[in-house]
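# What the coordinates show
One-letter residues, chain by chain:
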Amino acid sequence: QPVRLADYRPFPFAIETTRLVFDLHPTATKVTAELAIRRVGDATEPLVLDGERLKLLSIAIDGQALGANQFVVDAEHLTIAEVPDRFVLTTEVEIDPSSNKALTGLYMSGGRFCTQCEAEGFRTITYFPDRPDVLSRYTVRIEADRKFPHLLSNGNPGAFGQVGETRHFLEWTDPFPKPCYLFALVAGDLDVLADKFITMSGREVALRILVDPGQASRAAYALDSLKRAMKWDEDTFGREYDLDLFAIVAVRDFNFGAMENKGLNIFNSALLLADPETATDLDYERIEAVVAHEYFHNWTGNRITCRDWFQLCLKEGFTVFRDQSFSADQRGAAVQRIKDVRALRARQFAEDAGPLAHPVRPSSYLKIDNFYTATIYEKGAEIIRMLKTILGDAAFRKGSDLYFDRHDGQATTVEAFIACFAEASGRDLTAFFDWYEQAGTPSVTIDTDYDAAAKALTLTLTQSTAPTPGQPNKKPLPIPVAIGLLSAEGEVLRDTEIVLLDQARQTVRWEGVTSAPVLSALRGFSAPVNLTTDARASDRYVLFAADPDLFNRWEAGQTLARDLILARAAGTPDEVGEERYADALGRALVDDAAEPAFKALLLALPSEPDLALMSDPADPAALHEARDTLRTRIAVHLGDLLRRLHGEMQSEGEFSASAEAAGRRALRNACIEILAADPRDDNLMRIVGHFEASRNMTDMIGALYPLVSIGGVAREKALANFHFAWRAEPLVLDKWFAVQGRDPNEDALERVIALTSYPDFEPTNPNRLRALVATFANFNPARFHDPSGAGYRFLADQILAVDAFNPTTAARLVDPLGGWRRYKPELGQQMREQLERIKAHPGLSRNVLELVAKALDQD
Ligand code: ARG
Ligand code: ZN
């Protein structure tokens, strides 16, 4: 019984105002809802409200209690067949937050009440039309014991006071109509970090970050990021904040990263709390990006929301694009782009190549929670980036201004969004819209033909997209391909030009090309496609050394490394090529013009999951072995240089979280990660020394993984010391679990299984669960794909155990099994067996069922 886009119908009633009264008790919370309802649809329509796991205590219309024959309650709905055209519906329900381990709706985390409503959690709080196109003005009264001192909801605070001896209350009013998925409530003991922001029109906004008692100083970086994000959105998109208060609360138990509830964002503490001792540079980077992301949702998501959940990319794709642009401005465009593309390929390209491939705007679903995917987020952002590339900066901004202006206060669609850009630019974007409806990653090829006599270059571009489930035939898409030319000596022959490839095959002829060119195509990764060119290895070395487009410089190095690893995994190693690659890498590392952060990216070899995606069928053990061999050859070949760089990049003095300082740390860590492949005494001592001398978590983790990978005593000592030092810090202990999830040694699976019965392993906490289980299954292919199938059985056991209490998080663990068809048959067969075992499990959630069934069905 899937939900279909084609079946969309507006809700026949408007909920003009919503008053909620919460009488909070951990095991029995009473929620009274007073909804001012007006009929807007057909007079024959009954009122059907969503509601699940609610105990209905009373129900009345305009103060008159309803008789038992006047309404029907089933497991998912409250139906009232006959209602007036205008009325107030009052319901009173009881819920039990303390037993809610699904972490959607109202639940307890760390002794505090908190909520997560997107997408469909509000229906477990009260009876309501739980759909994004029903906007209402909320007032909320929260009453609780005084041992929950902070009482928070959306909007601006109002009346407060005592209730009897032990309880107190506070009222909140949110002046902006909103869908119920943006509702939030928090109650508990919290420390506050406070600041303010003056908006571009001169309004003062109080900023508050609320965290576990004693942790306020760890919110400083998030607060700083927030202020930068607020300013950036004014400067870049002309968007100003609209309430008197902007609050963020951090909670330890959270299914996702964070949530953009109006005026009251709720964050997974892993994406909010940071200090140099406990957080890595990657944590800082993610905190900055996610704080910005959730803040940016205030316009792209909250002021303008989605008509239905099929339009999810309307808010998510655009908001990811906005946060990526912010990060690029804060930290450097090239490095940011490389990281974003790495993540896109690892997650979204994999998804698009497998049984769960779906369009950025899907047309049907079973559980919307399963559609918070890399495709909707990351590919959704790529579409906006292409739109900007095609239209140019000025027309893009004109289009976004029009969108904000025209649709403010509405729940709208992707069509309406694209129409604003078409109108503002005067361009026909009909074909562009296909990007939203067609799944799969296009393959683009470029062939070059240079006519030396005519000094002309002919480029032949083609595109095709392989069938995906439910979409056997694909259309050509409009693909912006950024192309420049270099000479064989690495000089610029021709600057970047955008070629719009919108046919299956197209040719372009460029005159005045004075010498045989080296093609630099898809610069900056101008479109989310797989590119094949007729470039030879020698061309790639030219780009690797000299491409002014840093993305393509990095890409050339990655492609060279990838081909070498794949050749070795296939049993045809190219030793001369490996030497040549190591030499070129060495030269790139001593280029004074390049930043350390960029060099760190050059040093990172293609990951094993990425390599698996490039081979057919994938043999994880062979890929692991081949990649490790190349790493060892680099470690031996460039040993002196890597040791020297490791020394030079050491920063003295106070810790700085700046991108520049983080880049130096990243390069140092990249050096020892390679050196660990050649663990001779001096290298081992260097890594141990790095670990012991580290005064920040980036350096410490940077050495911990290499030590774990070396195995033996080095591993045992480092892990024991680390655990002893950090046993009381949950966020750091997560890292201790994660590093063991990635352990490449032969006994890793046994150890990971043993860790699940370790007292610190709490499967009800998604961070802890993912740190061990998801890290192992996603980032340790050599051990996960154990030939015995024990890795698959382990994952299936975990999925079933978690599904019993938290289906959303269980469903997110299915992915590593989903690609079973891409693996060697001996492995793929065993992966499939585990999917079948999960599917047959009695009482399986719809969340897990949908994914498992799709993974098995495709043929
Ligand atoms: N809207 C949130 C964000 O992207 C994520 C909510 C995730 N919810 C879900 N049901 N998967 O910032
Ligand atoms: Zn988002």
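Here goes a summary of the coordinates provided. (Residues numbered from 1 in each chain as written. Chains lettered and ligands numbered in written order. Predicted model: local features only at pLDDT ≥ 70, side-chain atom pairs only at ≥ 80, totals over all residues. Heavy atoms only, no water.)

## Details of the overall build of the protein chain
This is how it is decided: Strands here are runs of E lasting at least two residues and helices are runs of H or I lasting at least four, both read from the DSSP assignment and numbered beginning at the N terminus. Note that the radius of gyration is over C-alpha atoms, with the globule rule given as 2.2 Å times the number of residues to the power 0.38. Burial classes: relative accessible area under 20% of the type maximum marks a residue as buried, over 50% as exposed, and values in between as partly exposed (1.4 Å probe, protein chains only).
Scanning the protein chain from N- to C-terminus turns up 28 helices and 31 strands. On C-alpha atoms alone, the protein chain measures out to a radius of gyration of 28 Å, which is about the 29 Å that the 2.2 N^0.38 rule sets for 859 residues. Judged by the C-alpha coordinates and their principal axes, the protein chain covers about 90 × 65 × 60 Å. Out of the 859 residues in the protein chain, the part that is buried amounts to 59%.

## A few points about helix α9 (residues 537-546)
For clarity, the cut-off: We call two residues in contact whenever any of their non-hydrogen atoms come within 4.5 Å of each other.
Of all the residues in α9, the buried ones are Asp539, Arg540, Tyr541, Val542, Leu543 and Phe544. Against β27 (479-487), β30 (517-521), β31 (530-533), α10 (550-569), α11 (575-589) and α12 (596-603) lie the buried residues of α9.

## Structural notes on helix α15 (residues 639-648)
Buried residues of α15: Gly639, Leu641, Leu642, Arg643, Leu645 and His646, and no others. Looking at the buried residues of α15, the elements they touch are α11, α12, α14 (620-637), α16 (659-675) and α17 (681-693).

## Notes on the sheet that holds strand β25 (residues 443-451)
Heads up, the rule is: A strand pair is defined by DSSP finding two or more bridges across the two strands. Lines fitted to C-alpha atoms define the axes here, with helix axes fitted over just the stretch in contact, and angles between the N-to-C directions of these axes take values from 0 to 180 degrees.
Within the open sheet, the 4 strands sit side by side as β29-β26-β25-β31. Their pairing is mixed. At either end of the open sheet lies a strand with only one pairing partner, and these are β29 (505-511) and β31. Neighbour to neighbour, the strand axes of the sheet diverge by 20° on average, direction disregarded. Two elements, strand β26 (residues 456-464) and β29, share 7 bridges in a ladder whose sense is antiparallel. Its bridge partner lying in β29, Thr460 is registered against Thr507.

## What to know about the side chain of Gln348
Which entries qualify depends on this criterion: Here a polar contact is taken to be a pair of N or O atoms separated by no more than 3.5 Å, where protein atoms must pair a possible hydrogen donor with a possible acceptor and residues adjacent in sequence count only if both atoms sit in side chains.
Within the secondary structure, Gln348 is located in helix α4 (residues 333-352). By relative accessible area, Gln348 is classed as buried at 1%. A polar side-chain atom of Gln348 sits 3.1 Å from a polar atom in the side chain of Thr375. Sequence-distant contacts of Gln348, defined by excluding residues within four places in its chain, comprise Ala343, Ala374, Thr375, Lys379 and Thr441.

## Some points on the sheet that holds strand β17 (residues 191-198)
Pairing within the open sheet is mixed, and its 5 strands lie in the order β17-β18-β19-β21-β20. Each having just a single partner strand, β17 and β20 (258-259) make up the two edges of the open sheet. Summarising the sheet, strand β18 (residues 204-211) and strand β19 (residues 245-251) pair through 5 bridges and their orientation is parallel. Bridge pairing in β19 places Ala206 opposite Leu245.

## Some remarks on the coordination of the zinc ion (ligand 2)
Note the following rule: Distances up to 2.8 Å from the metal define which N, O and S atoms are donors, and 3.2 Å serves for Na, K and Ca; water is absent from the atom set, so sites may look incomplete.
Protein coordination of the zinc ion (ligand 2) is provided by His293 (NE2), His297 (NE2) and Glu316 (OE), with donor distances spanning 1.9 to 2.1 Å. We note that the donor set of the zinc ion (ligand 2) lies within a single chain, spaced as H-x3-H-x18-E. The buried category is assigned to His297, whose relative accessible area is 0%.

## Looking at the packing of aromatic side chains
Working definition: an aromatic ring pair is given by the centre-to-centre distance plus the angle between the planes. Cut-off, in case you're wondering: Stacked, edge-to-face and tilted labels apply to pairs of Phe, Tyr and Trp rings (six-membered ring for Trp) whose centres lie within 6.5 Å, assigned for plane angles under 30 degrees, over 60, and everything in between, in that order.
One pass over the structure, following the stated rule, counts 46 aromatic pairs. The interplanar angle of 75° and the centroid separation of 5.8 Å between the aromatic rings of Trp232 and Phe326 together place this pair among those described as edge-to-face. Residue Trp232 is found in helix α1 (residues 220-237), and its partner Phe326 is found in helix α3 (residues 312-331); the two are separated by 94 residues along the sequence. Under the relative-accessibility criterion, Phe326 is labelled buried at 0%. Ring centres of Trp299 and Phe404 lie 5.8 Å apart, and the angle between their planes is 80°; on these two criteria the pair is classed as edge-to-face.

## Considering the site of ligand 1
Short version of the rule: Proximity is defined per residue: any heavy atom of the residue falling within 4 Å of a molecule or strand makes that residue near it. Computed with the Shrake-Rupley method and a 1.4 Å probe, the accessible areas treat only the protein chains shown as cover for residues. Charged residues are taken to be Asp, Glu, Lys and Arg, nonpolar residues to be Ala, Val, Leu, Ile, Met, Phe, Trp, Tyr, Cys and Pro, and polar residues to be all remaining types, Gly included.
Taken together, 15 residues surround ligand 1, and among them Glu118, Glu260, Glu294, Asp369 and Tyr377 come closest. Side-chain polar atom of Glu294 to an oxygen atom of ligand 1: 2.6 Å apart, as the coordinates give it. Within the complex, 97% of the 350 Å² of free accessible area of ligand 1 lies under protein. Put simply, the parts of the chain that give the shell around ligand 1 at least two residues each are β20, α2 (281-296) and α3. Of the residues contributing to the shell around ligand 1, the split by class is 6 nonpolar, 2 polar and 7 charged.

## So, the pairing of β18
Note the cut-off: Assignment of crossover handedness uses the view with strands pointing away from the viewer, where a clockwise path from the first strand over the helix to the second indicates a right-handed crossover.
When β17 meets β18, the two strands line up antiparallel, connected through 8 bridges. Paired with Ala194 across the strands is Arg208, a residue of β18. What sits between β17 and β18 in their antiparallel hairpin is a turn of 5 residues, with Gly202 showing a positive phi close to 90°. Where the polypeptide runs from β18 across α1 and back to β19, its parallel neighbour, the crossover connection is left-handed.

## Thoughts on unusual backbone geometry
In most cases, non-glycine residues show a negative phi, while peptide bonds are predominantly trans. Cis rather than trans, the peptide bond between Glu118 and Ala119 has omega equal to 0°. Looking at the element boundaries, Ala119 is found in the loop between β11 (112-116) and β12 (136-145). Each neighbour pair has its own omega, and for Asp616 with Pro617 the value is -5°, a cis peptide bond. Here Pro617 shows up in the loop between α13 (608-613) and α14.

## Digging into the environment of Asn530
Position of Asn530 relative to the elements: it lies in strand β31. Placed 145 residues apart in sequence, Asn530 and Arg385 show a C-alpha to C-alpha distance of 17 Å. Ignoring sequence-local partners within four residues, the contact set of Asn530 consists of Phe349, Thr441, Pro442, Ser443 and Val444.

## Here's the deal with the pairing of strand β21 (residues 264-268)
Walk down a regular strand and you will see the side chains alternate between the two sheet faces. In terms of residue burial, β21 counts as a mostly covered element, since 5 of its 5 residues are buried. Judged by which residues are buried, β21 turns out to be covered on both faces: Leu264, Ile266 and Asn268 on one side and Asn265 and Phe267 on the other are all buried. Here β19 runs beside β21; their pairing, made up of 5 bridges, is parallel. Bridge pairing in β21 places Ala250 opposite Phe267. Relative to β21, β20 runs antiparallel, the two sharing 2 bridges. Bridge pairing links Ala258 to Phe267 in β21. Counting the residues in the hairpin turn of β20 and β21 gives 4 residues, including Gly263, whose phi is positive at 70°.

## Thoughts on the nonpolar core
What counts, and what does not: Here the nonpolar core consists of buried residues drawn from Ala, Val, Leu, Ile, Met, Phe, Trp, Tyr and Cys, with membership extended through side-chain atoms lying within 4.5 Å.
By size, the foremost hydrophobic cluster in this structure holds 276 residues, and its most contacted members are Leu47, Leu89, Phe183, Tyr436, Phe544, Tyr581 and Phe722. Every residue in contact with Tyr581, bar those within four places of it in the chain, is listed here: Tyr541, Phe544, Gly557, Leu560, Ala561, Leu564, Leu602, Leu605 and Ile634.

## Here's the deal with the packing of α15 against α17
Convention followed: Roughly parallel covers angles under 35 degrees, roughly antiparallel covers those over 145, roughly perpendicular covers 65 to 115, and oblique covers all other angles. We call a crossing left-handed when the near helix sits turned anticlockwise from the far one by less than a right angle, and right-handed when that turn is clockwise.
The interhelical angle for the contact between α15 and α17, taken along N-to-C directions, is 20°, at an axis separation of 12 Å. If you check the angle between α15 and α17, you find them roughly parallel. In this structure, α15 crosses over α17, and the sense of that crossing is left-handed. The residues of α17 that touch α15, namely those facing Arg643, His646 and Gly647, are Asp682, Asn683, Arg686 and His690.

## A short note on the side chain of Glu378
Along the polypeptide, Glu378 turns up in helix α5 (residues 374-391). According to the relative accessible area criterion, Glu378 is buried, its value standing at 15%. Among residues more than four places away in sequence, those in contact with Glu378 are Val320, Leu344 and Arg347.

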